[in-house]
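# Structural overview
The lines below spell out each chain.
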Amino acid sequence: MKKLAITMMALTLSVSALAEKIGFVNSQEAFSKYSQTKVIQENLNKEKNRLENEIKQKEVTLQKSQLELQSKGNKLTDKEKQDFQKQVEAFQKFVRDSQTKLSKEEYTRMQEIEKTMNSAIDSVAKAGKYDYILEAGAVKFGGTDVTADVIKAMEKIKK
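Computed from a predicted structure; not experimentally measured.

## A look at the UniProt feature "coiled-coil region" (unreviewed entry) in the protein
Taking the numbering used here, the UniProt-annotated feature "coiled-coil region" (unreviewed entry) corresponds to residues 34–68. As annotated, residues 34–68 comprises 97% helix and 0% strand, and the C-alpha atoms at either end are separated by 52 Å.

Right, here's the structure in full:
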């Protein structure tokens, strides 16, 4: 019986020695508090506003052309109709291309932030000797919140 108790005690001690260190990070918080996020969002908003203004200008020009064509009434030629249709199609293509360009730019910038965050998480994990760093929502109990450390590491990486 004593041998069984000693074996159980040894087994318990060896299991606790294998306990893993777990941290968690709120990536949404890290993303929003990272200084470059705001800079990138401001730049994207400036580009979006510039494109919207350009689209509005082209739209006004297109509307003027339409009014001119309507004022001609029956004197409107097929060539003028075709030319106007080409203008409309070019405008629609410009709008689509502008939206696509802006979306790609946003995706690229967000990927840069994600890459920085992942590097920061890796650095915090190594420095704190964490076995695992999970998303905050995945942890119901226990673990250590390393979000603030990740944000600090992100700021260091950007410099």
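Following the structure, the description resumes.
## Some words on the pairing of strand S1 (residues 22–25)
Here S1 runs beside strand S2 (residues 132–135); their pairing, made up of 4 bridges, is parallel. Paired with Val 25 across the two strands is Glu 135, which belongs to S2. As paired elements, S1 and strand S3 (residues 144–145) share 2 bridges and run parallel to each other. Bridging from a neighbouring strand, Phe 24 pairs with Asp 145 of S3.

## Details of a nonpolar patch on the surface
Together, Ile 22, Tyr 132 and Leu 134 make up an exposed nonpolar region whose accessible area comes to about 250 Å². Note that Ile 22 resides in strand S1.

## Quick look at the sheet that holds S3
With parallel pairing, 3 strands are arranged side by side in an open sheet as S2-S1-S3. In the strand order of this sheet, the two ends are held by S2 and S3, each with one partner.

## Some thoughts on unusual backbone geometry
Phi at Lys 129 takes a positive value of approximately 55°, unusual for a residue other than glycine. By relative accessible area, Lys 129 is classed as exposed at 68%.

## Regarding the packing of aromatic side chains
Tallying each qualifying case throughout the model produces 0 aromatic pairs. Here the guanidinium or amino end of Lys 21 rests over the ring plane of Tyr 130, the centre of that ring lying 4.6 Å away. When the ring centre of Phe 94 is taken as origin, the NZ or CZ atom of Lys 58, which lies over that ring, is 4.7 Å away.

## Here's the deal with the nonpolar core
In terms of nonpolar packing, the biggest core is built from 19 residues, with Ala 30, Met 117, Val 146, Val 150 and Met 154 touching the most fellow members. Looking at this core, the element that brings in the most residues is helix H4 (residues 78–127), giving 7 residues. In contact with Met 117, not counting residues within four places along its chain, are Ser 27, Ala 30, Phe 31, Val 150 and Met 154. Formed by 7 residues, the second largest nonpolar core is a distinct cluster that contains Leu 62, Leu 69, Phe 91 and Val 95.

Conventions we followed
Residues numbered from 1 in each chain as written. Predicted model: local features only at pLDDT ≥ 70, side-chain atom pairs only at ≥ 80, totals over all residues. Heavy atoms only, no water. UniProt positions renumbered as here; feature names shortened; annotations may be inferred. Helix = DSSP H or I, 4+ residues; strand = E, 2+ residues; numbered from the N terminus. Pairing = 2+ DSSP bridges. Patch = residues over 30% accessible without salt bridge, like charges linked within 9 Å, V, L, I, M, F, W, Y side chains within 5 Å. Areas by Shrake-Rupley, 256 points an atom, 1.4 Å probe, with all protein chains shown as cover. Salt bridge = Lys/Arg side-chain N within 4 Å of Asp/Glu carboxyl O. Buried < 20%, exposed > 50% of the residue type's maximum accessible area, 1.4 Å probe, protein only. Phe/Tyr/Trp six-rings, centres within 6.5 Å; stacked < 30°, edge-to-face > 60°. Lys NZ or Arg CZ within 6 Å of the ring centre and 35° of its normal. Core = buried A, V, L, I, M, F, W, Y, C linked by side-chain atoms within 4.5 Å. Contact = heavy atoms within 4.5 Å.

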